[in-house]
Amino acid sequence: DAPRVAFLSTPSLFFAFDEAERRNFHLFDFDDSKAWSSDARYVYFDYNHPLGFDESLRNSFDVVVIDPPFITREVWEKYAQTTEALATATSPSPPLVLATTVHENAPLMKELFDATPTAFQPSIPNLVYQYACFTNFPCDRLAQPNEEITSDQSSAAKPY
């Protein structure tokens with residue numbers, strides 16, 4: 001069985017997969033005006049109401065991918081609440097998580113998801129600070145540095 005994956009506030013990543021790959025995925029996002037709102041796997045999601053989605057989706061996902069619009073503790077705590085509600089009963093606690101945020105949030109990612117930074121960092125042009133990926137599971141692909149990120153841009157060397 002392919003894992004069921006919830007994408008929280010990550011439409012670009014969700015749609016990077018082809019239709020066949022997305023059959024076990026759901027996109028939870030606030031913006032319902034986009035073309036994707038007609039996608040059967042789209043779920044309206046407002047992080048201010050972390051449990052404000054259909055009850056049938058609770059306890060349904062093996063993996064949760066998260067990229068919140070804000071990096072504050074308050075916002076991350078709401079996403080953690082959503083993540084716990086979406087996790088299957090057989091998922092570890094917390095469930096498998098892939099999240100992106102600034103490296104300075106490493107202690108918070110550890111606290112909320114038992115997640116640590118990966119060597120891979122996403123390349124996001126024109127952003128004033130470098131984002132990092134955090135997981136609470138081993139991943140060979142994310143263990144490799146992103147060749148698009150130069151060493152002076154990298155935040156991977158910061159100890160946390």
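Everything quoted here is computed from the prediction, not taken from an experiment.

Observations concerning the pattern of salt bridges
Inference 1: Taken as a whole and judged by the stated rule, the model has eight salt bridges.
Inference 2: Residue Arg-73 is joined to Glu-111 by a salt bridge in which the shortest nitrogen-to-oxygen separation is 2.8 Å. Residue Arg-73 is located in helix α2 (residues 73-86), and its partner Glu-111 is located in helix α3 (residues 106-113); the two are separated by 38 residues in the primary sequence.
Inference 3: Residue classification places Arg-73 among the partly exposed positions, given a relative accessible area of 38%.

Remarks on α3
Each α-helix turn comprises 3.6 residues. Residues three or four places apart therefore point the same way.
Inference 1: Residues of α3 that are buried include every one of Ala-106, Leu-108, Met-109, Leu-112 and Phe-113, and no others. Along the axis of α3, the buried residues cluster in a sector spanning 160°; they form a single face.
Inference 2: For α3, the secondary structure elements touched by its buried residues are β4 (63-66), α2, β5 (96-102) and β7 (131-135).
Inference 3: Downstream of α3 by one or two residues, Asp-114 has phi in the positive range, about 55°.

Considerations on the sheet that holds β4
Inference 1: The seven strands lie next to each other as β3-β2-β1-β4-β5-β7-β6, forming an open sheet whose pairing is mixed. The outermost strands of the open sheet, each flanked by one partner alone, are β3 (42-44) and β6 (116-117).
Inference 2: Relative to β3, strand β2 (residues 25-29) is paired through three bridges, and the arrangement is parallel. In the strand pairing of β3, Phe-28 is matched with Val-43.
Inference 3: Along the sheet, α2 contacts β1 (5-8), β2, β4 and β5; its crossing angle with β1, the most-contacted strand, is approximately 160°.
Inference 4: Contacts from α3 reach β4, β5, β6 and β7, with the element oriented near 160° to β5.

Some details on α2
Inference 1: The end-to-end C-alpha distance of α2, which contains 14 residues, comes to 20 Å, matching closely the 20 Å that a straight helix rising 1.5 Å per residue would cover.
Inference 2: Listed in full, the buried residues belonging to α2 are Val-75, Trp-76, Lys-78, Tyr-79, Ala-80, Thr-82, Thr-83, Ala-85 and Leu-86.
Inference 3: Buried-residue contacts for α2 involve β1, β2, β4, β5 and α3.

Calculation notes
Residues numbered from 1 in each chain as written. Predicted model: local features only at pLDDT ≥ 70, side-chain atom pairs only at ≥ 80, totals over all residues. Heavy atoms only, no water. Salt bridge = Lys/Arg side-chain N within 4 Å of Asp/Glu carboxyl O. Helix = DSSP H or I, 4+ residues; strand = E, 2+ residues; numbered from the N terminus. Buried < 20%, exposed > 50% of the residue type's maximum accessible area, 1.4 Å probe, protein only. Arc of directions from axis to C-beta. Contact = heavy atoms within 4.5 Å. Pairing = 2+ DSSP bridges. Axes fitted to C-alpha atoms, helices over the stretch in contact; angles between N-to-C directions. Expected span 1.5 Å × (residues − 1).

Everything listed here is a matter of coordinates, which is why it stays silent on function.
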